[in-house]
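Analysis of the macromolecular model
Each chain, letter by letter, is given below.
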Amino acid sequence: MAKIPGKSETIENAESAFEPSMATEQVRAVAEQGVELSKEAFSKLESNVETTQKAFESTLEVAKTTRNEVSLKTIAALRANAEAGFAHLEALVAVKSPSEFFELQAAFVNKQIDVSIEQARTLQAVMLRAGEDASKPIKDAFEKALKDLKAA
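Residues numbered from 1 in each chain as written. Predicted model: local features only at pLDDT ≥ 70, side-chain atom pairs only at ≥ 80, totals over all residues. Heavy atoms only, no water.

Remarks on the overall build of the protein
Selection rule: Each helix corresponds to a stretch of at least 4 residues labelled H or I by DSSP, and each strand to a stretch of at least 2 residues labelled E; elements are numbered beginning at the N terminus. Between buried and exposed lies partly exposed: a residue is buried under 20% and exposed over 50% of the maximum accessible area for its type, with that area taken using a 1.4 Å probe on protein chains only. Here a residue-residue contact requires only that any non-hydrogen atoms of the pair lie within 4.5 Å.
Scanning the protein from terminus to terminus reveals three helices and zero strands. Seen in sequence order, the protein has helices and strands lined up from the N terminus as α-α-α. Relative to its 152 residues, the protein shows a buried fraction of 11%. Sequence-distant contacts in the protein: of pairs separated by 6 or more residues, those separated by 24 or more amount to 68%.

Now the structure itself:
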């Protein structure tokens, strides 16, 4: 008579409690439980896939919008710089002395540096906002997934 550690009944008593007629029902119950758990896991996986797909679609839409905005701002900056350059050339044609030329040239260069800095700041602000907007859906989906994992 062997004893199972921590159990008060013997192996013979445990074996005598086994009923072959109940075995089919027990196997069926375990199989049904496995199927239910698989369905639940698949449902969660499917939900997570849908959430991730929506997050990526949203991110791609933000990227597209940002690309358009950056393109328009870049074109506007190039146009402004070209117009300023042509206006400067027209002013240089009217110069009457070398000192006036150098004064005009220095003023133009200083102004273009200031304009370029402002244009760079504008593009930087657009790109920073785009980065935050593009990463938000993925960040939210990731946080939701972590929250769901902690709850499970």
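Right, picking up where we left off after that structure.
Considerations on the pattern of salt bridges
To keep things clear, this is the line we draw: One speaks of a salt bridge when a side-chain nitrogen belonging to Lys or Arg is within 4 Å of a carboxyl oxygen belonging to Asp or Glu.
Taken as a whole, this structure holds three salt bridges when the rule is applied. Between glutamate 69 and arginine 129 there is a salt bridge, with its nearest N and O atoms 2.7 Å apart. Placement of the pair is glutamate 69 in helix 2 (residues 20–93) and arginine 129 in helix 3 (residues 98–151), with a sequence separation of 60 residues. Judged by relative accessible area, glutamate 69 falls into the partly exposed class, the value being 23%. Relative accessible area serves as the criterion here: at 39%, arginine 129 is assigned to the partly exposed category. Between lysine 136 and aspartate 140 there is a salt bridge; the shortest N-O distance is 2.8 Å. Of the two residues, lysine 136 and aspartate 140 are both situated in helix 3; the distance of four residues between them amounts to about one turn of the helix. Among the residues examined, lysine 136 registers a relative accessible area of 48% and is labelled partly exposed. Here the salt bridges do not stand alone but share partners, grouping Glu69, Arg129 and Asp133 into one network.

As for the side chain of threonine 59
Worth spelling out the cut-off: Polar contact is defined as a pair of N or O atoms within 3.5 Å, subject to the rule that within protein one atom must be able to donate a hydrogen and the other to accept it, and that residues adjacent in sequence are counted only when both atoms are side-chain atoms.
Following the sequence through the fold, threonine 59 ends up in helix 2. What makes threonine 59 buried here is its relative accessible area of 15%. At a separation of 2.9 Å, a polar atom in the side chain of threonine 59 contacts the main-chain carbonyl oxygen of alanine 134. For threonine 59, the residues in contact, after removing those within four places along its chain, are Ala134, Pro137 and Ile138.

A look at the packing of aromatic side chains
Let me state the cut-off plainly: Aromatic rings from Phe, Tyr and Trp, with only the six-membered ring used for Trp, were paired whenever their centres fell within 6.5 Å, and each pair was classed as stacked if the ring planes differed by under 30 degrees, edge-to-face if by over 60, and tilted otherwise.
Applying the stated criterion across every chain yields a total of one aromatic pair. Where phenylalanine 101 meets phenylalanine 102, the ring centres are 5.4 Å apart and the plane angle is 75°; that geometry is what we call edge-to-face. Taking the relative accessible area as the measure of exposure, phenylalanine 101 reaches 33% and is therefore partly exposed.

Details of the environment of alanine 76
Mapped onto the fold, alanine 76 is located in helix 2. Note on alanine 76: relative accessible area 42%, which makes it partly exposed. In sequence terms alanine 76 and glutamine 119 are 43 residues apart; their C-alpha atoms lie 9.5 Å from each other.

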